[in-house]
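# Geometric and topological summary
Okay, here's what each chain looks like letter by letter:
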Amino acid sequence: MTDARTRSILERHGLRCTRQRAEIYHALVSTSSHPTAEELFGMVRNRLPGLSLATVYNTLDAFVRRGLARKFALPPSVGEDPSASAPAPAARYDADTSEHIHLISDHGKVRDVPPDLGRRLIDGLPPDVLDELERRMGVSIDQVRIEISGTSTGRSC
Ligand SMILES: [Zn+2]
């Protein structure tokens, strides 16, 4: 992604383009690993002397508020030490804000489910069940989120 394109995206979302924002956004867009703030900090800190982890958090919060990134957390049971003293999983960030489904496997590795399969999963939800859920629970469903977790089998095609 060019500097001009990054600038244009930041400004379109109401954020002044600073070097720190541009580098952090570029790092987030360039990876499919759904990094934590700490991981992003590690990716950009050598290009931004003086950068603090707090600035990375603040920048990511601004991206999320402005719709440039999505923030999510893994369920505590996935990819973490199951002992009761384990800290809550760190938030993860995704520059892809479109609706898509995450597959969590192999100790918390997050991957995007291919869009065609994600669409088929969502489209395959039975409408009568969703209707009944709305009636019985007194809500109007805005969105259904699906998250999949699994264990790698080593086979894929
Ligand atoms: Zn994703």
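Scroll up to find the structure.
Overview of the structure. For clarity, every value in this text was computed on a predicted model and none was experimentally measured.

Criteria and cut-off values
- Residues numbered from 1 in each chain as written.
- Predicted model: local features only at pLDDT ≥ 70, side-chain atom pairs only at ≥ 80, totals over all residues.
- Heavy atoms only, no water.
- Donors = N, O, S within 2.8 Å, 3.2 Å for Na, K, Ca; no water.
- Helix = DSSP H or I, 4+ residues; strand = E, 2+ residues; numbered from the N terminus.
- Buried < 20%, exposed > 50% of the residue type's maximum accessible area, 1.4 Å probe, protein only.
- Axes fitted to C-alpha atoms, helices over the stretch in contact; angles between N-to-C directions.
- Parallel < 35°, antiparallel > 145°, perpendicular 65-115°, else oblique.
- Contact = heavy atoms within 4.5 Å.
- Nonpolar A, V, L, I, M, F, W, Y, C, P; charged D, E, K, R; others polar.
- Pairing = 2+ DSSP bridges.

### Considerations on the coordination of the zinc ion
- Each protein donor to the zinc ion is listed here as His34 (NE2), Asp94 (OD), His100 (NE2), His102 (NE2) and Asp112 (OD); together their distances run 2.1 to 2.2 Å.
- Within one chain, the residues donating to the zinc ion are spaced in sequence as H-x59-D-x5-H-x1-H-x9-D. Of this pair, His34 sits in the loop between α2 (19-30) and α3 (37-44) while His102 is found in strand β3 (residues 102-105), placing the two residues 68 residues apart along the sequence.
- Taking the relative accessible area as the measure of exposure, His34 reaches 2% and is therefore buried.
- The exposure class of His102 is buried, given its relative accessible area of 3%.

### Some details on the packing of helix α1 (residues 3-12) against α2
- Contact geometry for α1 and α2: axes closest at 10 Å, N-to-C directions at 100 degrees. Taken together, the axes of α1 and α2 lie roughly perpendicular to each other. For the pair α1 and α2, the contacting residues are Thr6, Ile9 and Leu10 in the first and Arg21, Ala22, Tyr25 and His26 in the second.
- Within the contact of α1 with α2, the residues separate by chemical class into four nonpolar, two polar and one charged.

### Re the pairing of strand β1 (residues 70-73)
- Of the two faces of β1, the one lined by Arg70 and Phe72 is fully buried and the one lined by Lys71 and Ala73 carries no buried residue.
- Two elements, β1 and strand β2 (residues 91-94), share four bridges in a ladder whose sense is antiparallel. Bridge pairing links Ala73 to Ala91 in β2.

Taken by themselves, the reported measurements are silent on function.
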